[in-house]
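Fold and geometry: a report
Each chain, written out:
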Amino acid sequence: MTIIEPVKTRKDLRNFVHFPNQLYKGNPYYVPQFESMEMDTLTPGKNAAFEVCEGKYWLAKDLDGNVVGRVAAIINHRYNEKISKKICRFGWLDFIDSQDVVDSLMAAVRDYASDKGMEMLEGPVGFLEFDISGILVDGFDKLPTAYGKYNFPYYEQRILQSGFSRGNDYVEYLIEVPEDLSRYSKYAELVEERYDIHEGKYRNKKEILTKYADGIFEVLNQAYSSLHGFSELSPGQCDDLKRQFFPNLMTDFFSVIVNADDEVVGFGVAMPSFSKAMQKAGGKIFPFGWFHILKALRCNDTVDALLIAIRDDYRSKGVNAMIMGKIAQGLQKNRIRYVESTRELEDNFNVQNLWGKMKHTLIKRARVYTKVI
């Protein structure tokens, strides 16, 4: 028998956040998230997503009081208004290999969604497009990126047996960096001359933030507007992302393309892989977590491709080649051998076409599920 309890206190929330570390203890492919950052993400007032979202969390326990599962229910009102549907998302789903646990967790989500007038469940999905989405269904022998998630192979079977149907797939690629990347630089020069666009002028991360951050998020909101699950980022959400990403940004793996009026028309960003560093940190930033992250920033042969976005009116003008040309210089300078793409929708061909000229292998697949209630 499974007992479902809502998360009410900070202690409950800590147990909610910590549960995967117990479930996957000793698993060589599990990458623990930083628990303090997870706590902030799930706390109103700490996460600006609550400007447009609401949610509720539950823990599943056995008769001895041991935590055996968790789930979050999230309603993104802005996204629902955008697509004129009544969807309740579920995320942060983890559980032992028990159908009763899964059914009990999803019943809690269903009841919450029904009470709120929702008509469909969809997940695992987070508050935003940038939260971890999907259940891993292929690639169980691969280390996830810091922006992905590992789960046991039994997850899909259990969620399907709970009455859900397969929805969208997310894919991840491993790209081998060729020794000769000069073609990107040469093509970038032609594009720059033809369309009077160029790499933005900045000396450090602070100048990127002050000169281009607002333009970057304007382009991001426009370029991602048609993607499934994406809703326009509010100013508060943009501020959250600035705090999360800019401190660790490395200019070698960043590009921002501007036009003659110094308007942002495209950007791309990659980060050194933090997966092994986060494993060593064990979910704790202090006392040694930051040491492992800083080491990963300096000593690495792999980067994770995070974001690329191009303004609609510049999409067919070779801006992607300029972005790749700039980042390619950083890859060579830092002797990077591999680029790993983070989870992207299977039909997001604009991103996948970037790897067309390089040797790339599909190494992981994750899936989102839906259910009409």
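Right, let's get into the packing of aromatic side chains. Taken as a whole and judged by the stated rule, the model has 21 aromatic pairs. Between Phe50 and Phe127, the aromatic rings sit 5.0 Å apart at their centres with planes inclined by 55 degrees, giving tilted as the arrangement. Separated by 77 residues along the polypeptide, Phe50 in the loop between α2 (35-41) and β2 (53-61) and Phe127 in the loop between β5 (120-123) and β6 (135-138) bring together distant segments of the chain. For the pair Phe50 and Phe127, one class covers both residues: buried. Here the aromatic residues Tyr24, Tyr29, Tyr30, Phe95, Phe140, Tyr150, Phe152, Tyr154 and Tyr155 are joined through ring pairs into a cluster of three or more. Between Arg70 and the ring centre of Phe16, over which it is positioned, the NZ or CZ distance is 5.1 Å. Of note, Arg89 hangs over the ring of Tyr79, and the distance from its end group to the ring centre comes to 5.1 Å.

Turning to a nonpolar patch on the surface, a few remarks are in order. Residues Met1, Ile3 and Leu63 make up a contiguous nonpolar surface patch of about 360 Å² in total accessible area. Examined against the element boundaries, Ile3 turns out to sit in strand β1 (residues 3-6). Classification of Ile3 by relative accessible area gives partly exposed; the value is 31%.

Further remarks concern the pairing of strand β14 (residues 360-372). Taken together, the four bridges between β5 and β14 define a ladder with antiparallel strand orientation. Of the residues in β14, the one forming a bridge with Glu122 is Thr370. As paired strands, strand β7 (residues 165-176) and β14 are joined by nine bridges and run antiparallel to one another. Bridging from a neighbouring strand, Leu174 pairs with Thr361 of β14.

To continue, consider the environment of Thr361. Take Thr361: it is sitting in strand β14. When the C-alpha atoms of Thr361 and Leu174 are compared, they prove to be 5.3 Å apart, with 187 residues separating the residues in sequence. Here Thr361 is in contact with Glu172, Tyr173 and Leu174, once residues within four sequence places are set aside.

Peptide bonds are, in most cases, trans, and in most cases residues other than glycine have a negative phi. With an omega of 0 degrees, the peptide bond running from Gly123 to Pro124 counts as cis. Turning to its location among the elements, Pro124 is positioned in the loop between β5 and β6. A positive phi angle, near 65 degrees, is found at Asp262, a position not held by glycine. With respect to the helices and strands, the residue Asp262 is situated in the loop between β9 (254-258) and β10 (264-272). By relative accessible area, which is 39% here, Asp262 ends up partly exposed.

Here the focus is the pattern of salt bridges. A complete count under the given rule lists 26 salt bridges for this structure. Note that Asp239 and Lys242 form a salt bridge whose closest N and O atoms lie 3.6 Å from each other. In this pair, Asp239 and Lys242 both sit in helix α8 (residues 235-245), three residues apart, roughly one turn of the helix. Residue classification places Asp239 among the partly exposed residues on the basis of a relative accessible area of 33%. You can call Lys242 buried: its relative accessible area is 17%.

A word on helix α6 (residues 182-195). In a regular helix each residue adds 1.5 Å, so 14 residues correspond to 20 Å; α6 covers 20 Å between its end C-alpha atoms and thus fits that length. Looking at α6, one finds that the buried residues are Tyr184, Ala188 and Val191. Burial along α6 is one-sided: seen end-on, the buried residues are contained in an arc of 65 degrees. Away from its buried face by more than 90 degrees, α6 exposes Lys186, Glu189, Leu190, Glu193 and Arg194. On its buried side, α6 packs onto α11 (319-333).

The rules behind each value
Residues numbered from 1 in each chain as written. Predicted model: local features only at pLDDT ≥ 70, side-chain atom pairs only at ≥ 80, totals over all residues. Heavy atoms only, no water. Phe/Tyr/Trp six-rings, centres within 6.5 Å; stacked < 30°, edge-to-face > 60°. Helix = DSSP H or I, 4+ residues; strand = E, 2+ residues; numbered from the N terminus. Buried < 20%, exposed > 50% of the residue type's maximum accessible area, 1.4 Å probe, protein only. Lys NZ or Arg CZ within 6 Å of the ring centre and 35° of its normal. Patch = residues over 30% accessible without salt bridge, like charges linked within 9 Å, V, L, I, M, F, W, Y side chains within 5 Å. Areas by Shrake-Rupley, 256 points an atom, 1.4 Å probe, with all protein chains shown as cover. Salt bridge = Lys/Arg side-chain N within 4 Å of Asp/Glu carboxyl O. Pairing = 2+ DSSP bridges. Contact = heavy atoms within 4.5 Å. Expected span 1.5 Å × (residues − 1). Arc of directions from axis to C-beta.

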